[in-house]
Every structure is written in C-alpha cells, then in structure tokens.
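A structural walkthrough
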Amino acid sequence: MPARFRRQRVLLVGCGDVGVRVAKLLRPRMRLLALTSSPARLGELRALGVTPLLGNLDQPGSLRRLSGLANQVIHLAPPPNAGEADPRTQALLHVLRRRTPAQALVYGSTSGVYGDCQGEVTTETRATHALTARARRRIYAEKSVRHFGRASGVRTSILRIPGIYAPDREGGTPHARLLKGTPVLQPQDDVFTNHIHADDLARACVAALWRGRSGRVFNANDDTCMKMGDYFDWAADVYGLPHPPRVSREAAQSQLPAMMLSFMGESRRMDNTRLKKELRLTLRYPTVQQGLPG
C-alpha cells in the first residue's frame, strides 16, 4: 500500500471546537482527515496537522471521496435546523457504505433525546422521549447510525452529550448570560442540568472510538449534580457578579426565548457509570467547580 495509507486514518465530520480538541489528542498517532464546507478553514486545519476535505453534508454529491477513505469516523455534525429527520447523517452513512466500510464510528448525539425525566437519575436504558423537533432529529440520527452498524458490521458508539463548557471555548461559560442578568427559575420550579468539559468530551470521543462496544450508547456527562439556578448562582460568585433574578415558570414564559425555555422544561440527572467503566474514562474535570474557573 502507499505510505499514506499505512497509518490508521480517522475522519472527523463536524470539526468545530470539540473536533479540534479530538484532533489534538489523535494527531501524534493517526493520520487525520476532516470534512469542511468552508474554504476559509483549509489553512487552519492544515496547521493542526489535519488534511482538509472540502464537502458539504447538505450536498451529497460532494461527499463521494469519503467512501473507503478512513478506518475510523467521528461524526459531530448537527442535523439541520428544521424537519423531523437528519438528511446530513443519512448522506454521510450512504457514502461510507459504498466501499469497504470503516471499522468504527462514533456519533455525538444530545441528552435532549431523553426529554423531561422530572429530575430522576437517567441511564442509557431509559426510553427516549424527545419533547422538541431538535431532539427528535437526533433520535432519527441515532437510529440511522445503529442500523448502519448492524447492516455493515461497523462498530458504532453513540454519545449523549449535555451542556458543553470550557473557559477557552467560545460561549463556553455562563459569564455573558450573567452580565445580561437573564433570569433563572425559582427553586420550586427549577430543573437539574448536566455538564461536560469540552476536553473531557473530546477524550470520551477517542475512548469510544477504540473501546466502545458495537451499538452502545453512553451518557457523556461529568459528576456535577446541580439545579440550573444553583449553577448560575455559583458561577456568579466565581466571576464576582450578582446572582441572576429568580422568576416563576409562568413569568419565564413571557421573558425568555423558546430555545432557553426548552432547556428549562427538562430535568434529569444523567448517570455516567457506563462512560467510566466501559470506556475506562477518568474525567479530568469531574465537576464544573473544577473545570469552569479555568
């Protein structure tokens, strides 16, 4: 084989902040390729030691060169912003099955697929119950990935990801929201929220790539167990800012945008036992108290 095909090749689809962190972890050992739809990012990716491949998940014809190209795939690209399906994931899986398929594929989903668990501890065996079209698109993608794995023999892993944070991530801290004084729910209406540091999420992607059992789902969250309002109160203390105002759920309906309200309508405490035991992942930032101050 040509020398460039002798090393393991990993394809990153959706190479944003977390994808870049994954690339930095894998760069010393693997040949890395990344799909990008932006010519402006070609230089940035090359500087990271990643071979950029121009293509667009919304234009299936531009994906043909991905077929048979990589040994492993990490798929972090989100679905479109409308509809009940995920044609982007469909287009990717279609081209991956055209030639010799990859050995493993990791898909980054969302914890929103569980819907509102009313504060209960949530394991991966809980049935999905998406309350938003955004989460239903993710369920569609998860089903597509699992079917792809069964049909092609590719070892697929699904990570269900909650809120991603990191001091060095754009929008990765609550600082801007606290400066705006955006309200949170009063204690009797408040919801449990879940978190993962972007670095630990990147490490979870890599661990799943090599250690994930086929068709397995993993909650990709840290050990933090806080309600949303308590989290913002604690963060305000870290930044030396006033605590956000507390409002009733009824008042929030008229003051907050729909996207924010959707997060305030779902309460769950995600269990990450499988992440730690099966993927043998030791979190560098087990709680937001350790990861947020940076």
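Residues numbered from 1 in each chain as written. Predicted model: local features only at pLDDT ≥ 70, side-chain atom pairs only at ≥ 80, totals over all residues. Heavy atoms only, no water.

**Concerning helix 3 (residues 87-96)**
In terms of burial, helix 3 is a largely internal element, seven of the ten residues being buried. On the buried face of helix 3, the contacting elements are strand 1 (9-13), strand 4 (72-75), strand 5 (104-110) and helix 4 (133-152). A side-chain oxygen of the first residue of helix 3 lies 3.1 Å from the backbone nitrogen of Arg88; this N-cap is Asp86. (Buried < 20%, exposed > 50% of the residue type's maximum accessible area, 1.4 Å probe, protein only. Helix = DSSP H or I, 4+ residues; strand = E, 2+ residues; numbered from the N terminus. Contact = heavy atoms within 4.5 Å. Polar contact = N/O pair within 3.5 Å; in protein donor to acceptor, adjacent residues only side chain to side chain.)

**Observations concerning the side chain of Asp86**
Mapped onto the secondary structure, Asp86 falls in the loop between strand 4 and helix 3. Engagement of the side chain of Asp86 in a polar contact is seen with the backbone nitrogen of Arg88, the distance being 3.1 Å. A polar contact is formed between the side chain of Asp86 and the side chain of Thr89, at a distance of 2.6 Å.

**Remarks on the pattern of salt bridges**
Enumeration according to the criterion identifies 20 salt bridges in this entry. Asp17 serves as the salt-bridge partner of Arg169, at 2.9 Å between the closest nitrogen and oxygen. Placement of the pair is Arg169 in the loop between strand 8 (163-165) and helix 5 (175-180) and Asp17 in helix 1 (residues 17-26), with a sequence separation of 152 residues. A relative accessible area of 28% means that Asp17 is categorised as partly exposed. The partner of Asp168 in a salt bridge is Arg21, with the nearest N and O atoms 2.9 Å apart. Taken as a pair, Asp168 in the loop between strand 8 and helix 5 and Arg21 in helix 1 lie far apart in primary sequence, 147 residues in all. (Salt bridge = Lys/Arg side-chain N within 4 Å of Asp/Glu carboxyl O.)

**Concerning helix 7 (residues 228-239)**
The end-to-end C-alpha distance of helix 7 is 17 Å, a good match for the 16 Å that twelve residues give at a rise of 1.5 Å each. Taken residue by residue, helix 7 has Met228, Gly229, Tyr231, Phe232, Asp233, Trp234, Ala235 and Ala236 as its buried positions. Downstream of helix 7 by a residue or two, Gly240 has a phi angle that is positive, lying close to 70 degrees. (Expected span 1.5 Å × (residues − 1).)

**Looking at the pairing of strand 4**
Covered by surrounding structure in strand 4 are Gln72 and Ile74 together with Val73 and His75, the residues of both alternating faces. Bridge count for strand 1 against strand 4 is four bridges, and the pairing is parallel. Looking at the pairing, Val13 lines up with His75 of strand 4. In terms of strand pairing, strand 4 meets strand 5 through four bridges, oriented parallel. Bridging across to strand 5, Ile74 finds its partner in Val106. Handedness of the crossover is the feature at issue here: the chain leaves strand 4, passes through helix 3, returns alongside strand 5, and the resulting connection is right-handed. (Pairing = 2+ DSSP bridges. Right-handed = clockwise from strand over helix to strand, strands pointing away.)

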